[in-house]
2 protein chains.
Amino acid sequence: MPEEKPHDVIIIVAGPAGLTAAIYTGRALLPVLVIEKAVPGGQLNETDLIENWPGFEEAVAAPELMEKLRRQAARFGAEIVQDEVIRIEPGEGLHRVVTPHGLHTARTVILAPGSRPRELPAKGAARLKGRGVSYCATCDGFFFQGKRIIEVGAGDSGLTEALFLTRFAESVKIVIRHPEDDPKAFRASPILQKRARENPKISFLWNRIVEEVLGEDRVTGVILRNLATGETETLEIDGVFVNIGHVPQTDFLKGAVNLDDDGYIVTDKRLRTSIPGIFAAGDARIDANRYAQGVIAAGEGAIAAIEAEKYLSG
Amino acid sequence: MPEEKPHDVIIIVAGPAGLTAAIYTGRALLPVLVIEKAVPGGQLNETDLIENWPGFEEAVAAPELMEKLRRQAARFGAEIVQDEVIRIEPGEGLHRVVTPHGLHTARTVILAPGSRPRELPAKGAARLKGRGVSYCATCDGFFFQGKRIIEVGAGDSGLTEALFLTRFAESVKIVIRHPEDDPKAFRASPILQKRARENPKISFLWNRIVEEVLGEDRVTGVILRNLATGETETLEIDGVFVNIGHVPQTDFLKGAVNLDDDGYIVTDKRLRTSIPGIFAAGDARIDANRYAQGVIAAGEGAIAAIEAEKYLSG
């Protein structure tokens with residue numbers, strides 16, 4: 001690839017944060033290149049229906065919403081290319097964005113690579129994702145009113161999620177791989193453990209892992225393996241919520257900008273990273289990951305774009 | 001009014017932040033009361049077309065977008081009433097929300113009263129708002145490509161806005177009430193003054209105020225008064241951008257939660273105010289006002305709702 005002219009703005013990954021940033025930079029008449037390794041939309045594409053994106057009274061399919069954002073960004077001049085950024089090389093005034101196909105340079109970079117939930121390592125889990133297997137209770141809990149749920153994950157966020165799901169579900173069974181008397185059984189704080197134990201809708205399945213998620217079009221049950229006895233059992237349930245951690249997609253940023261110990265991008269309130277001219281927005285950013293919500297990422301995309309424009313005018 | 005049962009959540013003002021909070025609390029099956037003194041939509045209603053709300057490829061009229069948010073919140077059970085909150089009385093566990101018509105109580109309160117731009121005190125300015133008179137360059141600059149603009153406001157944000165508008169406009173004339181050699185002429189930092197003076201599209205109209213904005217359906221010109229000579233002159237222009245400050249709508253909160261010196265609500269990153277159980281989101285909040293963008297306020301509404309739910313479950 002011949003070396004291109006430097007860009008004003010390069011946005012890395014076309015999720016809700018990146019595409020909103022592209023809409024804002026585009027409307028500021030800044031030429032912007034968006035680099036997305038798969039299809040625009042990010043993690044949102046893997047959910048089914050979205051009911052909480054403000055402005056859509058009825059549920060909207062995630063890929064449809066993301067296609068709208070993509071077209072909106074394109075309308076204001078954003079160029080979206082499919083490629084994978086493998087490295088950023090910050091520079092004085094001009095940053096290098098390296099892909100397997102070549103090199104881009106830009107005066108500002110907006111990092112919006114997102115994060116991914118750690119997947120449940122069980123047969124059928126990937127196939128039934130968005131059809132009973134969920135990685136987001138805030139997003140999907142509402143769809144499980146009166147249903148029977150299992151929750152995988154016994155850390156603080158797993159128990160918080162299980163307690164939240166009792167608002168909707170008939171029952172929430174928490175699957176825990178350790179025996180009840182094992183100090184490793186919970187990683188959650190004692191107060192959350194107490195609340196979960198006291199909640200009449202919550203029960204615990206000790207010593208067990210999910211071996212398989214069952215169902216054709218929708219989850220109908222799970223096969224659990226008892227690690228103490230080696231035996232399996234089948235449980236009829238309607239939903240599997242998984243909360244075993246998130247992985248920010250920031251490997252390509254190591255050594256380029258400050259990341260925290262878990263790999264999240266560190267910024268200030270104005271979404272400035274440790275490198276002048278490089279901004280970050282969305283779920284890979286240190287504070288946003290607590291929520292992992294599209295509209296929150298989108299709001300951050302707008303902030304990053306406004307700050308990038310101010311930086312360029314400065 | 002007979003005293004009602006305590007609410008789980010009361011949201012004060014149905015703008016983008018408040019209505020998004022209502023969508024999120026509603027989907028968490030929390031009964032929520034939204035109190036709005038006028039019509040839902042907040043400051044956004046006073047703009048004309050919105051092109052940067054992510055998900056709307058084509059421009060959408062502000063009242064139409066806000067009506068969609070209102071219906072979406074109502075779909076998830078939000079009750080929206082027209083009333084004006086005159087006082088909040090924080091309590092231990094239960095907060096009192098006082099209106100001229102009575103008293104509501106709630107375990108959590110989400111404050112989203114917004115802020116308003118200080119209006120240009122000139123004849124015709126109110127009538128032509130959204131039709132050539134704008135209080136938001138980020139929102140409306142794009143509509144003024146190749147146009148002639150005047151900017152009112154010589155503080156940091158006024159000059160930043162004028163510089164931003166040179167991306168679009170043919171010319172930007174900055175109207176300043178003081179003479180050029182008056183130290184009070186600019187409140188902006190020297191670096192911004194220098195940049196504005198060096199920009200070939202920017203010129204200055206010293207000693208002048210806008211006395212009247214002219215135009216039938218759209219702005220066609222302004223009448224300026226020269227404060228040194230007393231004379232008036234008519235200038236043909238297409239747009240008037242006003243940046244003479246914002247006023248957070250927080251008078252009713254004085255003494256109830258911590259406000260900063262300008263009246264903005266102080267919160268932490270999780271949008272918790274100084275009072276446990278009371279949260280704040282949107283343009284009346286200390287950091288959001290820097291941007292005054294609907295989608296940023298909406299993202300904050302989602303955060304406040306998630307945090308309120310966690311607080312109630314705690």
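As the structure is a computational prediction, the values presented were derived from the model and not from experiment.

Sorry if this is basic, but what is going on with the state of the cysteines here?
Two cysteines whose sulfur atoms are joined by a covalent bond form what is called a disulfide. All names here are of chain B. Scanning all chains against the criterion turns up two disulfides over all chains. Here Cys136 is linked by a disulfide to Cys139, with a sulfur-sulfur distance of 2.1 Å. Between Cys136 and Cys139 the sulfur-sulfur dihedral comes to about 70°; the bridge is accordingly right-handed. Using a relative accessible area of 17% as the deciding quantity, one classes Cys139 as buried.

What is the right way to look at the domain arrangement of chain A in this model?
Size of an interface: often given as the accessible area lost when the parts come together. Residues and elements named next belong to chain A. Annotation of chain A at the domain level lists domain 1 (7-116 + 246-313) and domain 2 (119-242). Each of domain 1 and domain 2 has a C-alpha centre, and the two are 32 Å apart. Residue-level contacts link seven residues of domain 1 with eight residues of domain 2. Interface of domain 1 and domain 2: buried area, both sides summed, is about 660 Å²; carbon and sulfur atoms make up 46% of it. There are zero salt bridges connecting domain 1 and domain 2. Between domain 1 and domain 2 we count zero residue pairs in polar contact (both at pLDDT 80 or more) in total. Its residues assigned to classes, the side of domain 1 that touches domain 2 shows one nonpolar, two polar and four charged.

What's the story with the relation of the copies chain B and chain A in this structure? I'm lost.
Both copies of the chain are placed relative to one another by a rotation about an axis and a shift along it. Take chain B, turn it by 180°, move it 0.0 Å along the axis, and it overlays chain A with an RMSD of 0.0 Å. The transformation relating the two chain copies, once decomposed into turn and shift, fits a two-fold axis. Looking at the rotation axis and the C-alpha trace of chain B, the residue lying nearest is B:Gly299, at 2.6 Å. Both copies present the same face, since 100% of the interface residues in chain B are matched by interface residues at the equivalent positions in chain A.

Got a minute to help me understand the sheet that holds strand β14 (residues 208-214) of chain B in this structure?
Hydrogen bonds along the backbone pair up the strands of a sheet, which may run parallel or antiparallel. All names here are of chain B. Spatially, three strands are ordered β14-β15-β16 in an open sheet, and the strand pairing comes out antiparallel. On the outer flanks of this sheet lie β14 and β16 (232-236), each paired with one strand and no other. Geometrically, the sheet is characterised by an average inter-axis angle of 30° between neighbouring strands, direction not taken into account. Bridge count between strand β15 (residues 221-226) and β16: five bridges; the pairing is antiparallel. Residue pairing for β16: Gly221 is matched across the bridge by Glu236.

Where do I start with helix α2 (residues 62-75) of chain A in this structure?
In an α-helix, one full turn covers 3.6 residues, which means residues spaced three or four apart are oriented alike. Residues and elements named next belong to chain A. Taking 1.5 Å as the rise per residue, α2 with 14 residues should run 20 Å; its terminal C-alpha atoms sit 20 Å apart, in good agreement. Every buried residue of α2 is accounted for by Ala62, Leu65, Met66, Lys68, Leu69, Gln72 and Ala73. Buried residues of α2 fall within an arc of 150° about the axis and therefore sit on the same side. In this fold, the buried residues of α2 make contact with α1 (16-27), β3 (49-50) and β4 (60-61). With its phi angle positive at about 95°, Gly77 sits one or two positions after the end of α2.

Hey, could you run me through the packing of helix α4 (residues 156-165) of chain A against helix α5 (residues 190-198) of chain A in this one?
All names here are of chain A. Contact geometry of α4 with α5 gives a least axis separation of 10 Å together with a crossing angle of 30°. Between α4 and α5, the angle is such that the two are roughly parallel. When the axes of α4 and α5 are compared, the crossing they make is left-handed. On α5, the residues that touch Asp156, Leu159, Thr160 and Leu163 of α4 are Leu192, Gln193, Arg195 and Ala196.

Explanation requested: the packing of helix α6 (residues 294-313) of chain A against helix α6 (residues 294-313) of chain B in the structure shown.
Any two packed helices are characterised by the angle at which their axes cross and by the distance between the axes. Running from N to C, α6(A) and α6(B) cross one another at 140°; their axes reach a closest spacing of 7 Å. By the criterion of interaxial angle, the relationship of α6(A) to α6(B) is oblique. As α6(A) runs across α6(B), the sense of the crossing is left-handed. Residue-level contacts link A:Val295, A:Ile296, A:Ala298, A:Gly299, A:Ala302, A:Ile303 and A:Ile306 of α6(A) to B:Val295, B:Ile296, B:Ala298, B:Gly299, B:Ala302, B:Ile303 and B:Ile306 of α6(B). Here the residues of the contact of α6(A) with α6(B) sort into 12 nonpolar, two polar and no charged.

Whenever I open this one, the environment of A:Pro100 confuses me. Can you help?
Residues and elements named next belong to chain A. Residue placement: Pro100 occurs in the loop between β7 (95-99) and β8 (102-111). Separated by 198 residues in the primary sequence, Pro100 and Ala298 have C-alpha atoms spaced 28 Å apart. Apart from the residues within four sequence positions on either side, Pro100 is in contact with Asp83, Glu84 and Ile86.

How do you make sense of the sheet that holds strand β12 (residues 171-175) of chain A when you look at a structure like this?
All names here are of chain A. If you walk across this open sheet you meet the five strands as β10-β17-β11-β12-β13, and the pairing is parallel. Edge positions in the sheet fall to β10 (133-134) and β13 (202-205), since each has one partner strand and no second. Bridge analysis of β12 against β13 gives four bridges, and the strand direction is parallel. Each residue of the ladder has a partner; that of Val172, found in β13, is Ile202. In the packing of α4 onto the sheet, contacts are made with β11 (148-152), β12, β13 and β17 (239-242), and the angle to β11 comes to roughly 170°.

What is the right way to read the packing of aromatic side chains from this model?
Each pair of aromatic rings is reported with the distance of its centres and the angle of its planes. All chains considered together, the criterion is met by 11 aromatic pairs over all chains. Residues A:Phe204 and A:Trp206 carry aromatic rings whose centres are separated by 5.2 Å and whose planes lie at 20° to one another, so their mutual orientation is stacked. Residue class for A:Phe204 comes out buried when judged on its relative accessible area of 18%. Given a relative accessible area of 13%, A:Trp206 falls into the buried group. In this structure, A:Arg27 is placed above the aromatic ring of B:Phe143, and the distance from its NZ or CZ to the ring centre is 5.2 Å.

Sorry, what's going on with the pattern of salt bridges here?
Pairing between side chains of opposite charge can happen when the charged atoms of each approach one another. All chains considered together, the criterion is met by 50 salt bridges over all chains. We note a salt bridge from A:Arg71 to A:Glu67, for which the minimum N-O separation is 3.3 Å. Here the residue A:Arg71 and the residue A:Glu67 both occupy positions in helix α2, the gap between them amounting to four residues, near one helical turn. Note on A:Glu67: relative accessible area 28%, which makes it partly exposed. When the shortest N-O distance is used, the salt bridge between B:Glu119 and B:Lys129 registers 2.8 Å. One end of the pair, B:Glu119, is in the loop between β9 (115-117) and β10 (133-134); the other, B:Lys129, is in the loop between β9 and β10, and 10 residues separate them in sequence. Using a relative accessible area of 34% as the deciding quantity, one classes B:Glu119 as partly exposed. A network of salt bridges, in which partner residues are shared, links A:Glu57, B:Glu67, B:Arg70 and B:Arg71.

Definitions and limits used
- Residues numbered from 1 in each chain as written.
- Chains lettered and ligands numbered in written order.
- Predicted model: local features only at pLDDT ≥ 70, side-chain atom pairs only at ≥ 80, totals over all residues.
- Heavy atoms only, no water.
- Disulfide = S-S within 2.5 Å.
- Buried < 20%, exposed > 50% of the residue type's maximum accessible area, 1.4 Å probe, protein only.
- Domains from an automatic or database assignment.
- Contact = heavy atoms within 4.5 Å.
- Buried area = accessible area lost by both parts, 1.4 Å probe.
- Salt bridge = Lys/Arg side-chain N within 4 Å of Asp/Glu carboxyl O.
- Polar contact = N/O pair within 3.5 Å; in protein donor to acceptor, adjacent residues only side chain to side chain.
- Nonpolar A, V, L, I, M, F, W, Y, C, P; charged D, E, K, R; others polar.
- Least-squares fit on C-alpha atoms with pLDDT ≥ 70 in both.
- Pairing = 2+ DSSP bridges.
- Helix = DSSP H or I, 4+ residues; strand = E, 2+ residues; numbered from the N terminus.
- Axes fitted to C-alpha atoms, helices over the stretch in contact; angles between N-to-C directions.
- Expected span 1.5 Å × (residues − 1).
- Arc of directions from axis to C-beta.
- Parallel < 35°, antiparallel > 145°, perpendicular 65-115°, else oblique.
- Left-handed = near helix turned anticlockwise from the far one by under 90°.
- Phe/Tyr/Trp six-rings, centres within 6.5 Å; stacked < 30°, edge-to-face > 60°.
- Lys NZ or Arg CZ within 6 Å of the ring centre and 35° of its normal.

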